[in-house]
Amino acid sequence: MLSELRTAHKVIGVKQSKKAIRDGAAAEVYIALDAERRVTGPIYELCSETNTRISEITTMAELGDAAGIDVGAAVVTVLR
């Protein structure tokens, strides 16, 4: 699951993820459970409204590493 993130066509971050979800370009959204809920809450709502699949990852560090970046990530969205 996470191993495919490094090579997948994706966007990283809340703002880019929101746009991808709204535009119908999101295939799956990965959300770090240790990210602040005020940050991830709107992503959960958008995914619910658009029936976009969500996968929850334990930490931002783990999600950032899986996405191939050197910092943590609250949200990573795999594009269609």
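Here goes a summary of the coordinates provided. (Residues numbered from 1 in each chain as written. Predicted model: local features only at pLDDT ≥ 70, side-chain atom pairs only at ≥ 80, totals over all residues. Heavy atoms only, no water.)

### A closer look at the overall build of the protein
For step 1, the next point in the chain: When helices and strands are tallied, the protein shows three helices and four strands.
For step 2, the next point in the chain: Relative to the globule expectation of 12 Å for 80 residues, the C-alpha radius of gyration of the protein, 11 Å, shows essentially globular dimensions.
For step 3, the next point in the chain: In terms of overall dimensions, the protein has C-alpha extents of about 30 × 25 × 20 Å along its principal axes.
For step 4, the next point in the chain: Residues classed as buried in the protein amount to 42% of the 80 residues present.
For step 5, the next point in the chain: For the protein, restricting intrachain contacts to residue pairs at least 6 apart in sequence, the fraction spanning at least 24 positions comes to 77%.
For step 6, the next point in the chain: With the model as given, the accessible surface of the protein reaches about 4,600 Å², and the carbon-plus-sulfur share is 49%.
For step 7, the next point in the chain: Here the protein contributes 10 positive and 11 negative side-chain charges, whose respective centroids are spaced 7 Å apart. (Helix = DSSP H or I, 4+ residues; strand = E, 2+ residues; numbered from the N terminus. Rg over C-alpha atoms; globule rule 2.2 N^0.38 Å. Buried < 20%, exposed > 50% of the residue type's maximum accessible area, 1.4 Å probe, protein only. Contact = heavy atoms within 4.5 Å. Areas by Shrake-Rupley, 256 points an atom, 1.4 Å probe, with all protein chains shown as cover. Lys, Arg positive; Asp, Glu negative; His and termini not counted. Charge placed at Lys NZ, Arg CZ, Asp CG, Glu CD.)

### Comments concerning the pairing of strand β2 (residues 26-32)
Regular strands place side chains that alternate from one sheet face to the opposite one.
For step 1, the next point in the chain: Most of β2 is tucked away: six of the seven residues are buried.
For step 2, the next point in the chain: Here five bridges tie β2 to strand β4 (residues 75-79), and the two strands are oriented antiparallel to one another. Bridged to Ala-26 within β4 is Leu-79.
For step 3, the next point in the chain: Judged from the five bridges that link them, β2 and strand β3 (residues 53-57) form a sheet pairing that is parallel. When the bridges of β3 are listed, Ile-31 appears paired with Glu-56. (Pairing = 2+ DSSP bridges.)

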